[in-house]
Amino acid sequence: MNHKLWWWIPTLYFAEGIPYFIVNNISVTMFTKMGVPNGDMALFTSLLYLPWTIKPLWSPFVDIVRTKRWWILAMQLLISAAFVLLTLSIPHPEAAVIAAKGTPVSLFTFTLVLFVITAFASATHDIAADGFYMLASNQEEQSFFVGIRSTFYRLSSIFGQGVLVYVAGMLERSTGNIPQAWQITMAITAVLFAAITVYHLFALPRPRADALRAGNGTTATARDIFSEFGRTFSTYFSKPGVWLAIVFMLLYRLPEAFLLKMVNPFLLDPTAKGGLGLATDEVGIVYGTIGVLALTVGGIVGGIAASHWGLRKALWPMAACMTLPCATFVYLSLAQPTCLVVISVCVAIEQFGYGFGFTAYMLYMMYFAEGEFVTAHYAICTAFMALSMMIPGMFAGYLQELVGYGWFFWIVMLCCLSTVVMTILVRRGIDPTYGRKHEAQS
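Residues numbered from 1 in each chain as written. Predicted model: local features only at pLDDT ≥ 70, side-chain atom pairs only at ≥ 80, totals over all residues. Heavy atoms only, no water.

Engineer: Would you mind going over the overall build of the protein in detail, with residue names and values included?
Structural biologist: Broken down by element type, the protein carries 19 helices and 0 strands. The C-alpha radius of gyration computed for the protein amounts to 22 Å, which stays within 12% of the reference 22 Å derived for 442 residues, consistent with globular compactness. Referenced to the eigenvectors of the C-alpha coordinate spread, the extents of the protein come out at roughly 60 × 50 × 40 Å. For the protein, the proportion of contacts with a sequence separation of at least 24, taken over those separated by at least 6, is 85%. Accessible area for the protein stands at about 18500 Å²; split by element, carbon and sulfur atoms hold 70% of it. (Helix = DSSP H or I, 4+ residues; strand = E, 2+ residues; numbered from the N terminus. Rg over C-alpha atoms; globule rule 2.2 N^0.38 Å. Contact = heavy atoms within 4.5 Å. Areas by Shrake-Rupley, 256 points an atom, 1.4 Å probe, with all protein chains shown as cover.)

Engineer: Let's hear about the pattern of salt bridges: which residues, and what values?
Structural biologist: Inspection of the entire model under this criterion finds 4 salt bridges. For Lys33, the salt bridge is made with Glu172, and the minimal N-O distance between the two is 3.6 Å. One end of the pair, Lys33, is in helix α1 (residues 9–33); the other, Glu172, is in helix α8 (residues 139–175), with 139 residues separating them in the sequence. For Lys55, the salt bridge is made with Asp126, and the minimal N-O distance between the two is 3.9 Å. Residue Lys55 is found in the loop between α3 (50–54) and α4 (59–64), and its partner Asp126 is found in helix α7 (residues 109–135); the two are separated by 71 residues along the sequence. Here the two residues Lys55 and Asp126 agree in accessibility, since each one is buried. (Salt bridge = Lys/Arg side-chain N within 4 Å of Asp/Glu carboxyl O. Buried < 20%, exposed > 50% of the residue type's maximum accessible area, 1.4 Å probe, protein only.)

Engineer: Go over the packing of helix α15 (residues 311–323) against helix α17 (residues 340–369), please, and point to the residues and values.
Structural biologist: Contact pair α15 / α17: the axes reach a minimum separation of 7 Å and the direction vectors enclose 140°. Relative to α17, the element α15 lies oblique. In this structure, α15 meets α17 at a crossing whose hand is left-handed. Only Gly353, Tyr354, Phe356, Gly357, Phe358, Thr359, Ala360, Leu363, Tyr364 and Tyr367 of α17 make contact with α15, whose side of the interface consists of Leu311, Leu315, Pro317, Met318, Cys321 and Met322. (Axes fitted to C-alpha atoms, helices over the stretch in contact; angles between N-to-C directions. Parallel < 35°, antiparallel > 145°, perpendicular 65-115°, else oblique. Left-handed = near helix turned anticlockwise from the far one by under 90°.)

Engineer: How would you explain unusual backbone geometry if you had to name every residue and give the values?
Structural biologist: With a phi angle near 50°, Lys101 is a residue other than glycine that sits in the positive phi range. One can find Lys101 in the loop between α6 (95–99) and α7. Note on Lys101: relative accessible area 15%, which makes it buried. Phi at Gln336 takes a positive value of approximately 45°, unusual for a residue other than glycine. With respect to the helices and strands, Gln336 occurs in the loop between α16 (327–335) and α17. Classification of Gln336 as partly exposed rests on a relative accessible area of 26%.

Engineer: Give me the lowdown on empty space enclosed by the protein, citing residues and values where you can.
Structural biologist: The method is simple in principle: a probe with the dimensions of a water molecule rolls over the atoms, and the space it marks as empty is what remains. In total, this model carries 2 cavities of 30 Å³ or more according to the counting rule given. Estimates place the volume of the largest cavity at around 120 Å³. Along the wall of the largest cavity there are 13 residues; nearest its centre are Asn24, Asn25, Val28, Leu260 and Lys261. Mapped by element, the contributors of at least two residues to the lining of the largest cavity are α1, α13 (254–268) and α18 (374–427). Split by residue class, the lining of the largest cavity holds 7 nonpolar, 5 polar and 1 charged. In this structure, the second largest cavity spans a volume of roughly 40 Å³. Only α1, α8 and α14 (280–309) provide two or more residues apiece to the lining of the second largest cavity. In terms of residue class, the lining of the second largest cavity is built from 4 nonpolar, 5 polar and no charged. (1 Å grid on protein atoms, 1.4 Å probe; cavity = no way out; pocket = protein on both sides within 12 Å on 5 of 7 lines; lining within 4 Å. Points joined across faces, edges and corners; volume = space filled by probe spheres on them. Nonpolar A, V, L, I, M, F, W, Y, C, P; charged D, E, K, R; others polar.)

The following block contains the structure:
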C-alpha cells in the first residue's frame with residue numbers, strides 16, 4: 001500500500017465536493033435569505049445543475065488534452081478565483097426588501113454568472129479527479145480508498161451545508177446584516193479553497209501513466225475522437241430497453257427532486273408564510289449536519305441491504321423508503337412544530353429514507369451501463385440523473401408560490417406514484433442475482 005495516497009486522496013475529494021454544494025445547495029439558502037422569491041430562486045439555482053448534466057459531452061477532451069493533474073489544478077485555480085469574485089461582488093439589498101421577499105433576481109446576475117463558471121469548472125474537475133484517482137493508484141489501492149474518498153466527499157457536504165451555513169447564521173445574528181454575513185462566509189470559503197489549491201500544487205503526484213496517457217491522446221485526430229464519441233452514444237441508445245431505463249432515471253426520484261429544492265426555504269420562511277421560521281444557523285444544524293449524516297447512514301445501510309438482497313429484491317423496499325418518508329414534510333407543514341428536536345427527527349427520517357432508496361437508483365444505473373462501454377455509458381446515466389433533479393427543481397418554487405407549502409408537500413406525495421409505477425415496470429426485467437454477494441446466492 002502506497003501511504004503517500006493519504007496525502008492527497010482525502011483532500012482531493014473534499015475539494016471536489018465544496019464547489020458542488022456551494023453551487024447547488026448553499027446558493028438556495030443564500031438567495032432565500034437575501035429575499036429572492038421562491039419561484040425565481042428555484043428556477044435559476046436548478047439551471048446550475050446543467051454542467052453536471054452535459055459533462056459527458058466534453059469528458060473525452062479532458063481525457064486526451066493535457067494531464068489530469070493539469071486539469072485538476074487549473075479548475076481549482078479557476079474555482080478559487082470565482083469564489084474571490086463572489087466575495088467581492090455579493091449584492092447588498094435593503095433590509096426592508098429582503099423582509100418583503102421582493103429582491104429581484106436580476107440583482108444577482110453577476111453572482112449567477114460566477115456560479116455558472118464555478119459549476120462548469122467543478123464538473124470538469126470531477127472528470128479529471130476520477131480519472132487521476134485511477135491513474136495514480138492500482139486496483140488494490142482503489143478498492144481500499146473508495147470508502148475514504150466517499151467519506152471525505154460527504155464531509156465536504158457537512159462542511160458546506162452544515163458548518164458554512166451555521167457560520168452564516170451566527171454572523172447574521174451578530175451583525176444584523178444578512179448580505180454582509182454571506183459575504184464573510186464566502187470569503188472564508190475562498191480562503192479555504194485557495195489554501196487547498198496551493199496544497200495540491202505540491203501534494204498531487206505526477207504519475208507516469210497520466211503523462212503517457214496525455215501524450216498518447218494528443219496523437220489522436222479530431223475525426224477519431226468524434227468517431228469514438230459518436231459510437232459511445234449510438235451504442236448507449238441502441239441498448240435493449242433504453243427508453244424505459246431513461247424514463248426510470250428521470251422519474252424514480254421525482255418526489256425528492258421537488259422536495260429538495262424547497263426544504264431550505266420551508267425551514268427558513270416565517271410561520272405566517274407557512275414555513276417553520278428557523279434561523280440560518282439552526283438550518284445548518286438540522287439539515288446541513290443531522291440531515292446529511294442521516295443521508296449518509298441511509299446510503300451505507302442501503303448498500304449492505306442491496307448486497308444481501310440483490311437489486312431486484314431490494315427495489316420495492318427501497319422505493320418505499322424513497323417515497324413514504326416524504327410524509328414527514330406534510331406533517332411539518334400542517335403542525336408547524338417549534339421544537340428543534342421534532343424538526344430534526346423528521347428531517348433525519350426523510351433523509352435516511354432517501355439515502356436508503358437512492359441505493360437502488362445507483363445500482364440500476366450500474367446494471368444498465370454494463371457492457372463494452374461501461375464507464376462512458378455510466379457517465380451518460382449520471383447525466384440523466386442530474387437532469388432528473390434539474391427539471392422538476394426549475395418549477396418547484398413557482399408551484400410552491402402558487403399553492404403554498406401545505407399543498408406543495410401533498411403534491412410531492414402524489415408524485416410518489418411515479419416512483420411506484422417505474423419500479424413496477426423495470427423490476428421484472430432485472431437479473432435476480434445482480435448485486436448480490438456470492439454467499440447470498442448459495
